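Remarks on the overall topology
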Amino acid sequence: MPRTVGQRSRRAGVGRARDWLIGLTLLIGLVIAVDHRVGLQALLAPWRSLSPGLLTVAFALTAVSYLMRGLRVYDYFGPLVAGRFTAVLRLSMLHNTANNLLPMRLGEVTFPWLMRRYFGHSFLASGASLLWIRLMDLHCLALAVILVLWLRLSGWWWPALGLLWMALVPLGLALRRRGWAALLPAGRLRHGLLFLLAAAPRDTRQLSRLYLWTLLSWGSKLLAFALILGHFVDAALWQRLAGVLGAELSSVLPFHGVAGAGSYEFTGMAAMVPLGVAVDAALAGSVNLHLFLLGSTLVLGASALLLPVGRARLGAEHNVSAEMAAQGGSAPRRPQGG
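Residues numbered from 1 in each chain as written. Predicted model: local features only at pLDDT ≥ 70, side-chain atom pairs only at ≥ 80, totals over all residues. Heavy atoms only, no water.

1. Here's the deal with the confidence of the model for the chain
The criterion, for reference: pLDDT runs from 0 to 100 and stands for how confident the predictor is about each residue. Runs of H or I in DSSP of at least four residues are treated as helices and runs of E of at least two as strands, each being numbered from the N terminus. Two residues form a contact once any of their heavy atoms are found within 4.5 Å.
Mean pLDDT over the chain works out to 84, with 82% of the residues at or above the 70 mark. When pLDDT is averaged over each element of the chain, helix α3 (residues 52-77) comes out on top at 98 and helix α13 (residues 320-326) at the bottom at 37. Residue range residues 314-338 is modelled with pLDDT below 50. Its contacts to residues more than four positions away, or to other chains, number 62 contacts.

Next up, the structure:
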């Protein structure tokens, strides 16, 4: 029996309340752990000796990461956003800010919402494009894991594995070109797959550029965070990179703390402690790294509000379903807006 609107609303309300409860529990757990294992004074003491030069370099690299993300979105959506890079950069920076500050990945909603507001682009089509962007992020993070393993256990097989992993990127595009989804029986599954495939990068050249922006974005961010973490934790580069990767991968967990508090630290610790970093050091380092992340987020997020949006284009919204219908249900062209 189908649920009524009221039942769905109550179910969603219960889910939101549960998410907030989990987020607050993680935050409280973090505060208790820090107070018991480290102490607030000892936690913050290393900030007094942090070199202004190191802080400046780390912040600049973080800002470069935001810029690369903006370039990726600008390249992805092509003609839809042409000539309005500042609006795209503002959108991307605000999206990252919301992701870092809002609980339970609610910040992801800001991307399609801002795409609709600034460019009149379909909410669902923007969400489908964001899915492909997130797949590139995850692929790049897996490549970073291979790099960490190579730094820890040198051997020719790690670069070979990295190359094989990179080969999956054009392979995915080749699978899209075969039009296999159009051979599926008509129905919701085929409709959904065609919708997602229509939002994929349109060709190898564009995909290569998008992945380059992804590599540069994550490379600058991981380097910045590893430098900061190195001030708080006496550990090798590969151990620090593992901690940063663990903390960043907290975003894929089914639960997430308020502004990432708790989940960010605990996953960072889970990556470092088994690799030989002391529990207290890993906890203090993860918390201070998170403080740097939040501080950078607030500064860059506020800076994004100074960027001009420009004028939205009327009638720019793209309806993928209409395009599919016009082609008789065959695999649709890659929409100009992603």
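2. A word on the nonpolar core
Heads up, the rule is: Each nonpolar core is a collection of buried residues, namely Ala, Val, Leu, Ile, Met, Phe, Trp, Tyr and Cys, held together in the definition by side-chain atoms within 4.5 Å. Each residue gets one of three labels from its accessible area relative to the maximum for its type: buried under 20%, exposed over 50%, partly exposed in between, using a 1.4 Å probe on protein chains only.
Counting 67 residues, the largest nonpolar core has F77, F111, F119 and F225 as its most contacted members. Looking at this core element by element, the count peaks at 12 residues for helix α9 (residues 204-232).

3. Here we look at the pattern of salt bridges
Note the threshold: When a carboxyl oxygen of Asp or Glu is within 4 Å of a side-chain nitrogen of Lys or Arg, the pair counts as a salt bridge.
Considering all chains together, one arrives at 7 salt bridges under this definition. With a shortest N-O distance of 2.8 Å, D137 and R72 are connected by a salt bridge. Taken together, the residues D137 in helix α6 (residues 123-152) and R72 in helix α3 connect sequence positions 65 residues apart. Take D137 and R72: they sit in the same class, and that class is buried. Residue E248 is joined to K221 by a salt bridge in which the shortest nitrogen-to-oxygen separation is 2.9 Å. Here E248 is found in helix α10 (residues 237-248), whereas its partner K221 is found in helix α9, with 27 residues between them in sequence. Grouping residues by exposure puts E248 and K221 together as buried.

4. Here's the deal with the side chain of T297
With respect to the helices and strands, T297 occurs in helix α12 (residues 279-304). Not counting the four nearest positions on each side in its chain, T297 is found in contact with Y66, T97, N100 and L101.

5. A closer look at the packing of helix α11 (residues 263-272) against α12
Counted only if it meets this: Angles here are taken between N-to-C directions and fall from 0 to 180 degrees, while the axes themselves are lines fitted to C-alpha atoms, restricted in helices to the stretch in contact. Any angle from 65 to 115 degrees is called roughly perpendicular, while one under 35 is roughly parallel, one over 145 is roughly antiparallel, and all others are oblique. Handedness of a crossing follows from how the near helix is turned relative to the far one, being left-handed for an anticlockwise turn of less than a right angle and right-handed for a clockwise one. Charged means Asp, Glu, Lys or Arg here, nonpolar means Ala, Val, Leu, Ile, Met, Phe, Trp, Tyr, Cys or Pro, and polar covers whatever is left, Gly included.
Interaxial distance between α11 and α12 falls to 9 Å at its minimum, and their mutual angle equals 135 degrees. By the angle class used here, α11 and α12 are oblique. Read as a crossing pair, α11 and α12 show a hand that is right-handed. In this structure, α11 contributes Y264, E265, G268, M269 and M272 to the contact, and α12 contributes V279, A282, L283, S286, V287, L289, H290 and L293. Residue composition of the contact of α11 with α12, by class: 9 nonpolar, 3 polar and 1 charged.

6. What to know about helix α8 (residues 188-198)
A turn of α-helix holds 3.6 residues, and therefore any two residues three or four places apart point the same way. Threshold: The directions from the helix axis to the C-beta atoms form the arc being described.
Three or more residues of α8 are buried, namely R190, L194, F195, L197 and A198. Down the axis, α8 shows its buried residues gathered within 170 degrees of arc, on one side only. Exposed positions of α8 whose direction lies more than 90 degrees from the buried face are R188 and L189.

7. Regarding the environment of G295
By secondary structure assignment, the location of G295 is in helix α12. Looking at G295, the relative accessible area reads 30%, which means it is partly exposed. Residues G295 and F59, spaced 236 residues apart in sequence, show a C-alpha to C-alpha distance of 9.6 Å.

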